[in-house]
Amino acid sequence: MTMRDAFLPQHANLALRPLRSVAVAGVFFVALCHLAVAQLPKGIVVERVDAAPDNEDASSAPYLSLNIDGHTAAIKALAFSRDSQTLYSAGQDKVVHVWKFGGPRAKAFVVEAKGWHKSHSIRWEIARSIRGSIYNVAINPRGDRVAIAGVGARGTAGDIVFADAEDGTIEAVARGATSADAHVGHSDSVIGLSYSTDGRWMVSTDMWGKSILWNVALSPPRGRVIQDDDRLGRGTWEVFSGRSHILVRRFKELKKSGSRSMATFGIDYHNVDTGRSDGWMPITLYSDVTALAASGDGKQMAVCDAARRLYVYKIGDRQATTLSDDAVARSLCFSADGRYLAVGTMAEGGKAPQIQLWNTLTKKRIFARALQRSVISVALSPDGRWLACNGGES
């Protein structure tokens, strides 16, 4: 499976697994509570509205969208709110669905899934074919704004939309770049979004290796390019580590072995305040960087390469530990305190993909469960209770 294949249609089901704390020998760890999968419902198209003229402002003009109660195509992005009571999911059906855990605000006409209910949807503009497909969503630290990216449909494919998290009102647009417009922006589909912990900055990455740092405290957001390298893979993206640093993939060199050549990559610790590197992580990654994540406190990094090596790295101590070397991780997510790491692997060579949970302190795998399709998105709720993943379960 290539990195581009990861963006082709897959089954749309979303699995939510409850986790609970279990005391063993005085140590608390997260364990799987129920093996039964809580699947959120699918939906059908029930409404369409007319598209707006191209010359109207993107933040106020009407636009073509879908009104559906559940996902009808592959899920590409998952994100929990800071209070762990809201889950955002989005994908190739071009809609962000918002799910609430219990409470009176949940809509009664939607089927309950282990306490989770459909609350509302957030829609951006869509068009024919893949225009409007969503590849990533990010929630700001305050929890009141959702950034949406993918294949933009109003202007260029590189548009990033910022919407109110509750009513879906589009509040700002970071416009993509065009050949006739030299401003900073993406000219192709955006696959990665990551906020700084203080919510002032966001880094975005497109399919051709361009990464832009946005000052989202401004309206409209203002950006500057921090990376533009089409030798980078299209399966992962740059991520924030704390308030002031970004983990940036860098191409190192081609290493030759006989008649073969293999690309090698590294991770650069980019300082937002100075605009310079604070050093490279002492890890060499081979063929491609397939997944990358940082803990919320900025103290740890997890990364996997196409050689199936999954590392956890303590940034302050400059120590790397190999967690596994038997599968390609496609998605990674730390718990809020950095003690646990969720891993979603790819299907390859007849081997079933898995959703895994690791203890980063003991370096032990807590559980692993086989799924039907590659797990391209995982999310851990900040309270440590829920693990959400895609995976195409029947």
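To be clear, the structure that these remarks concern was listed above.
Every residue gets a number counted from 1 within its own chain, in the order that chain's sequence is written. Confidence filtering applies because this is a predicted model: local features only for residues at pLDDT of at least 70, side-chain atom pairs given and counted only at 80 or more, and all residues used for totals across whole chains, interfaces and linings. Computation of side-chain values: all heavy atoms of the structure, hydrogens and water removed.

Asks: Give a detailed account of the pairing of strand S5 (residues 86-91), specifying residues and quantitative values.
Replies: Each residue gets one of three labels from its accessible area relative to the maximum for its type: buried under 20%, exposed over 50%, partly exposed in between, using a 1.4 Å probe on protein chains only. Numbering of helices and strands runs from the N terminus, with a helix taken as a DSSP run of H or I at least four residues long and a strand as a DSSP run of E at least two residues long. Burial analysis of S5 places six of its six residues in the buried class, which makes it a mostly covered element. Whether two strands pair comes down to DSSP finding at least two bridges between them. The pairing of strand S4 (residues 75-80) with S5 spans five bridges and is antiparallel. The partner of alanine 77 across the bridge, within S5, is alanine 90. Counted between consecutive antiparallel strands, the loop separating S4 from S5 contains five residues, among which serine 84 sits at a positive phi close to 70°. As defined by bridge partners, S5 adjoins strand S6 (residues 95-101) across five bridges and the pair is classed as antiparallel.

Asks: Summarise the sheet that holds strand S28 (residues 364-370); cite the residues concerned and give the values.
Replies: Taking strand neighbours across the sheet as the criterion, the four strands line up as S25-S26-S27-S28 in an open arrangement whose pairing is antiparallel. Looking along the sheet, the strands with just one partner apiece sit at the ends: strand S25 (329-334) and S28. Within this sheet the neighbouring strands show an average axis-to-axis angle of 15°, counted without direction. Between N-to-C directions, angles span 0 to 180 degrees; the directions come from axes that are lines fitted to C-alpha atoms, helices contributing only their stretch in contact.

Asks: Can you explain the sheet that holds S5? Please cite residues and give values.
Replies: The strand order across the open sheet formed by four strands is S4-S5-S6-S7, and the pairing between neighbours is antiparallel. Here the strands that pair on one side only, and so sit at the sheet edges, are S4 and strand S7 (116-123). Going from strand to strand, the sheet's axes swing by 25° on average, the running direction of each strand aside. Direction of pairing for S6 relative to S7: antiparallel, over a ladder of seven bridges. Paired with valine 95 across the two strands is arginine 123, which belongs to S7.

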